[in-house]
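Chain and residue survey
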Amino acid sequence: MSWIWAGMVALSILFGAANGTLEEVSAAAMAGAQEGVELCLSMAGGLCLWSGVMAVLREAGALGMLRRALLPVLGRLFPSFRSDREVMEPLAANVAANLLGLGNAATPMGIRAAQAMARRTPGLASDALCMLVVCNTASIQLIPTTVAAARSAAGCRTPFDILPAVWAASACSLAAGIAAARLLARLWGDRR
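Presented here is a report on the structure given in the accompanying data block. Note that the structure is predicted; figures quoted are calculated from it, not measured.

Within the protein, the regular secondary structure consists of eight helices and zero strands. Listed by position from the N terminus, the elements making up the protein come as α-α-α-α-α-α-α-α. A globule of 192 residues ought to have a C-alpha radius of gyration of about 16 Å, yet the protein, at 22 Å, is considerably larger. Taken along the three principal axes of its C-alpha coordinates, the protein extends 65 × 40 × 25 Å.

Given below as C-alpha cells:
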C-alpha cells in the first residue's frame, strides 16, 4: 500500500512540475493535510463520548446479556462448534461487541474465536472460519459511532438519522454473505 501512496505523490509532483503548477500542488497538499488534522480532532470528541457510553454499557452488563442472547443464533450459524465453549464464547462476545460499536473490544475476541476454529483444520480455512470472516465483514452495528462522528465533524446536525439505512444495508449484506458462504460450502463440500 505504501508503494501506491508514494506513486501517487510522485506522479502529482511530476505532473505539477510538467504543467508548471507545482505551487498549486503544494498548496493543495498542505490544505489537505490541514483539513485531515481538523477532521481527526473534531471526530475525536464524538468517538470519546461514544466509547465512554459503550464502556458504561459493558460495565452495566449489556454486553454479557447480548452475548448470551446471541449464543442460540450463532449455534445455528456454526453448527460444528455449537457445543465448543472455547469457540462460542469469544465468538458471541465478538458479535455482541460489534453490535454495540466496540470495534477495539471485538477484534481480540474475533481473533481468539478464529484461532480456536483453525485448530480443527490447520492450514485450511474451514467453512466455519469463512463464515466468521463474512459475519465480521458485514459487522452489523446498532450504533455506528465512527460514521456518526464523521458526519458530526462534517457539520451534520443529525448524524444518527442514517440508522435505518445503515441497519437495512448491513442486514442485507450479512444475509447475502451468509447465503454465499453456505452456497459455496455446499459446492466445495464440508470442511470442518
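Continuing now.
It is worth spelling out helix α7 (residues 145–153) at this point. Along α7, the residues that are buried comprise Thr145, Ala148 and Ala149. For α7, the buried positions fall inside an angular range of 100° around the axis, keeping them on one side.

Soluble globular proteins: nonpolar side chains tend toward being buried together. Leu74, Leu77, Phe78, Leu91, Met117, Met131 and Leu132 are the most contacted members of the largest nonpolar core, which totals 24 residues. Within the residue set of this core, elements represented by two or more residues are α3 (62–77), α4 (85–99), α5 (103–118), α6 (127–138) and α8 (163–188). Sort the elements by how many residues they give to this core and α4 lands first, with seven residues. When neighbours within four sequence positions are excluded, Met117 is seen to be in contact with Phe78, Phe81, Val87, Leu91, Ala128, Leu129 and Leu132.

What follows concerns a positive patch on the surface. Taken together, the side chains of Arg76, Arg82, Arg182 and Arg186 present a region of like positive charge at the surface. Looking at the secondary structure, you find Arg182 in helix α8.

Looking now at a nonpolar patch on the surface. A grouping of Met1, Ile4, Trp5 and Met8 is seen on the molecular surface, where their side chains present a nonpolar patch of about 490 Å² in accessible area. Inspection of the secondary structure assignment puts Ile4 in helix α1 (residues 2–19).

With that out of the way, let us pick up the packing of α6 against α8. Between two packed helices, the angle of one axis relative to the other and the distance separating the axes together describe the packing. At a minimum axis separation of 9 Å, α6 and α8 run at an interaxial angle of 165°. Viewed along their axes, α6 and α8 adopt a mutual orientation that is roughly antiparallel. In this structure, α6 meets α8 at a crossing whose hand is right-handed. Of α8, the residues touching α6 (which contributes Asp127, Met131, Val134, Cys135 and Ala138) are Ser170, Ser173, Leu174, Gly177, Ile178, Ala181, Arg182 and Ala185. Residue classes in the contact of α6 with α8 are distributed as eight nonpolar, three polar and two charged.

What follows deals with the pattern of salt bridges. Counted according to the given criterion, the structure contains four salt bridges. Across the pair Arg120 and Asp84 runs a salt bridge whose closest N-O atoms are separated by 3.7 Å. Linking Arg120 in the loop between α5 and α6 with Asp84 in the loop between α3 and α4, this pair joins segments that are 36 residues apart in sequence. Among the ionic pairs, Asp161 bridges to Arg151, the shortest N-O distance being 2.7 Å. Remark: Arg151 occurs in helix α7 and Asp161 occurs in the loop between α7 and α8; sequence separation between them is ten residues.

Along the polypeptide, Ala44 turns up in helix α2 (residues 22–59). Since its relative accessible area comes to 32%, Ala44 is described here as partly exposed. On a C-alpha basis, the gap between Ala44 and Ala153 in space is 9.1 Å, while along the polypeptide they are 109 residues apart.

Take the state of the cysteines next. Taken as a whole and assessed by the stated rule, the structure comprises zero disulfides. The thiol sulfur of Cys130 is not disulfide-bonded, and the nearest other cysteine sulfur, from Cys135, lies at 11 Å. The class for Cys130 is partly exposed, based on a relative accessible area of 32%.

What sets the pattern is the α-helix's 3.6 residues per turn: residues three or four places apart point alike. Helix length check: α8, at 26 residues, gives a terminal C-alpha distance of 37 Å against a target of 38 Å (1.5 Å per residue), a fit within 8%. Buried within α8 are the following residues: Leu163, Ser170, Leu174, Gly177, Ile178, Ala181 and Ala185.

Criteria and cut-off values
Residues numbered from 1 in each chain as written. Predicted model: local features only at pLDDT ≥ 70, side-chain atom pairs only at ≥ 80, totals over all residues. Heavy atoms only, no water. Helix = DSSP H or I, 4+ residues; strand = E, 2+ residues; numbered from the N terminus. Rg over C-alpha atoms; globule rule 2.2 N^0.38 Å. Buried < 20%, exposed > 50% of the residue type's maximum accessible area, 1.4 Å probe, protein only. Arc of directions from axis to C-beta. Core = buried A, V, L, I, M, F, W, Y, C linked by side-chain atoms within 4.5 Å. Contact = heavy atoms within 4.5 Å. Patch = residues over 30% accessible without salt bridge, like charges linked within 9 Å, V, L, I, M, F, W, Y side chains within 5 Å. Areas by Shrake-Rupley, 256 points an atom, 1.4 Å probe, with all protein chains shown as cover. Salt bridge = Lys/Arg side-chain N within 4 Å of Asp/Glu carboxyl O. Lys, Arg positive; Asp, Glu negative; His and termini not counted. Charge placed at Lys NZ, Arg CZ, Asp CG, Glu CD. Axes fitted to C-alpha atoms, helices over the stretch in contact; angles between N-to-C directions. Parallel < 35°, antiparallel > 145°, perpendicular 65-115°, else oblique. Left-handed = near helix turned anticlockwise from the far one by under 90°. Nonpolar A, V, L, I, M, F, W, Y, C, P; charged D, E, K, R; others polar. Disulfide = S-S within 2.5 Å. Expected span 1.5 Å × (residues − 1).

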